Each structure stands twice: as structure tokens, then as C-alpha cells.
Amino acid sequence: MALTDEQIERYSRHIILKEVGAKGQKKLLNAKVLIIGAGGLGAPAAMYLGAAGVGTIGIADADEVDLSNLQRQIIHQTADVGKAKVQSAKETINAMNPDVEVRTYREFITSENIMDIIADYDFIIDGTDNFPAKFLINDACVMAKKPFSHAGIIRFKGQLMTYVPGEGPCYRCVFKNPPPKDAVPTCKQAGVIGAMGGVIGSLQAMEAIKYILGVGDLLTGQLLTYDAIKQEFHKIKLPWNGKGCAVCGEHPTITELIDYEQAECTDK
Ligand SMILES: [Zn+2]
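Model, not experiment: these values are computed from the prediction.

Overview of the pattern of salt bridges
Then comes step 1: Scanning the entire structure with this criterion turns up ten salt bridges.
Then comes step 2: The closest approach of N and O atoms between Lys 32 and Asp 120, which form a salt bridge, is 3.5 Å. Placement of the pair is Lys 32 in strand E1 (residues 32-36) and Asp 120 in the loop between helix H6 (114-118) and strand E4 (123-126), with a sequence separation of 88 residues.
Then comes step 3: Using a relative accessible area of 22% as the deciding quantity, one classes Lys 32 as partly exposed.
Then comes step 4: Since its relative accessible area comes to 37%, Asp 120 is described here as partly exposed.
Then comes step 5: In this structure, the salt-bridge partner of Asp 139 is Arg 172, at a minimum N-O distance of 2.6 Å. Highlighted residues: Asp 139 in helix H7 (residues 131-144) and Arg 172 in helix H8 (residues 171-175), separated in sequence by 33 residues. A single burial state applies to Asp 139 and to Arg 172, both of which are buried.

Quick look at the packing of helix H4 (residues 42-51) against helix H10 (residues 194-213)
Then comes step 1: Packing of H4 against H10 leaves a shortest axis separation of 7 Å and a crossing angle of 40 degrees. When the interaxial angle is binned, H4 and H10 end up oblique. Pair H4 / H10 crosses with right-handed handedness. Two secondary-structure elements touch here, H4 through Pro 44, Ala 45, Tyr 48 and Leu 49 and H10 through Gly 197, Gly 198, Gly 201, Ser 202, Ala 205, Ala 208 and Ile 209.
Then comes step 2: Across the contact of H4 with H10, the residue classes break down as seven nonpolar, four polar and no charged.

Here's the deal with the pairing of strand E8 (residues 232-237)
Residues in a regular strand point their side chains to alternate faces of the sheet.
Then comes step 1: Direction of pairing for strand E7 (residues 222-227) relative to E8: antiparallel, over a ladder of six bridges. Across the sheet, residue Leu 223 finds its bridge partner in E8, namely Ile 236.
Then comes step 2: Where E7 folds back on E8, the antiparallel hairpin that results is connected by four residues, among which Gln 231 adopts a positive phi of roughly 55 degrees.

The rules behind the values
Counting starts from 1 at the beginning of each chain's written sequence and moves along it residue by residue. In keeping with the predicted nature of the model, local features appear solely for residues at pLDDT of at least 70, side-chain atom pairs appear and are counted solely at 80 or more, and the whole-chain, interface and lining totals rest on all residues. The basis for every side-chain value is the complete set of non-hydrogen atoms in the structure, without hydrogens or water. Within this document, salt bridges are pairs made up of a side-chain nitrogen of Lys or Arg and a carboxyl oxygen of Asp or Glu, the two lying within 4 Å of each other. By definition, any uninterrupted DSSP run of H or I lasting at least four residues is a helix, any uninterrupted run of E lasting at least two residues is a strand, and each is numbered from the N terminus. Residue burial is assigned from relative accessible area. The probe radius is 1.4 Å, only protein chains are included, and a residue is buried under 20% of its type maximum, exposed over 50%, and partly exposed in between. Simply put, an axis is a line fit to the C-alpha atoms, just over the touching stretch for a helix, and the angle between two N-to-C directions goes from 0 to 180 degrees. With respect to orientation, any angle under 35 degrees is reported as roughly parallel, any angle over 145 as roughly antiparallel, any angle of 65 to 115 as roughly perpendicular, and every other angle as oblique. Should the near helix be turned counterclockwise from the far one by less than a right angle, the crossing is left-handed, whereas a clockwise turn marks it as right-handed. Whether two residues are in contact is decided by their heavy atoms, any of which lying within 4.5 Å being enough. Amino acids outside the nonpolar list (Ala, Val, Leu, Ile, Met, Phe, Trp, Tyr, Cys, Pro) and the charged list (Asp, Glu, Lys, Arg) are all regarded as polar, and Gly is one of them. In this description, strands pair whenever DSSP reports at least two bridges between them.

Laid out in C-alpha cells, this is it:
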């Protein structure tokens, strides 16, 4: 597949980079990335991946756009309030870049559907806002041997890490089990500064792009934290419980997906 003249112009700032080039741009155009959650993290991630020419972007989200989303979920417009988030996201990406095929899944991920949804994708971005979903995505990606980017944001803080099968710890190696229901406040209860989604969601898009291109170092085995009040980033080296982890270890005790109880308030 040769790049068209229009594509050579559109992606010229990529193609000029020695780490990308025409070859790397073709890798992006052939890549498939799934974004679970079209919210504060998923919105910027989807827009940068769409602009970059990632050829297939899947978006999974069951919600509709709410007025309170617009302070940070920049893929949705005021006129989209009430519309399915996946549809609103698809329209924004397609208006920006017709090269991208956007596949929509208007459903909450569960133990029943997640394996089918992730099966076709090269990289998964966890843009969800609750622990049951985060553990479900981790366990499904470990079982299906899919790389994914985890992230979380609240108030003025954010964090992310990347799991690549066989190359470092999974989310459960680090965090073991979900906290008790309601032990940790949600963004709806605690608030979140809008640009935090832009910072951390863009970093997730960067991890996906670098994974596809095969360049640089990923956040495998490392948790990157961001404190916007102090304007500080820190990288924390994570222990890899390679043998003892309940899901990615040598003798896993979790061999079926678990639907943990959903916290009542989610980041709508
Ligand atoms: Zn693990």
C-alpha cells in the first residue's frame, strides 16, 4: 500500500521524523487501537490517535454526552448533549481525518463481552473511571495477551502505566484487588481539573503510537504520576510479581473474568 499524495501531505510532520518515516506512517494506518471509555481520558486519546492516522479506532462506551462532561471531554460538543458518546466521538474523528475507520461499541464492558471486543485490536487504552472496569480490562488483556495503557485521574492528580505481555507487571501485580466499594471517591464526587484528562490521555495516545512504531521506551514496569498543583512528574519503578501474580503469574488463581460490583457514581 503506497501513501497517497494527500496522505504524504497530511502526515508530512510524521514522515520527516526518522523514527516514523513513510514506513512508520503505514504501520499507524494499519494499526487498530481500542479505547474503552469516551470520557476525560478517552477523548484526547481518540483525537490524537485519529489525527495521527491510526487506521482503525474502536470506541466502547454506553453513555450519552452530558453537559457536565464538556469541561474536559473535548471530543464532544455542546450540540452533542444527549447523543451517544461513541457516535459523537466517531463524528469528531471522521470530520478530522477520513482515513480513520471508527468502530463503535455502545455498551459497558463486562466479563461477557470484553474478550470479543478486544480480540481484533493491537493495543487497548483504558479510559475508564472505575476500579471494576480497570481490573476487568487488565485481566482480559493479560488473558488475551494484549498490551494496554492504564490511567487514572482525580482532582489535580493523574497516573499511568503500560502493560506489555511478558515485558513487565500487569495492573494486578501492583494493585492486587479493587478497593472496597466507595472507599475511593470518583471524579463526580471529588472533581477533576479538565486539562488533567488532556495531559494523561495524550500520554496514553503517545504510548499507543510508540508501541505501534516500536520506538523508544514504554511505561512498562513504571508508574508515571503527575501532580498538577506542584507541576511535578515522577516515575516509580514497579515490582514485577512475575511468578506470584494472581492473573499473570506462573500459576494464576484468576482464570475467569470477574465482574466486581460497580461503584454507584461514575464519571458521567
Ligand atoms: Zn500481574
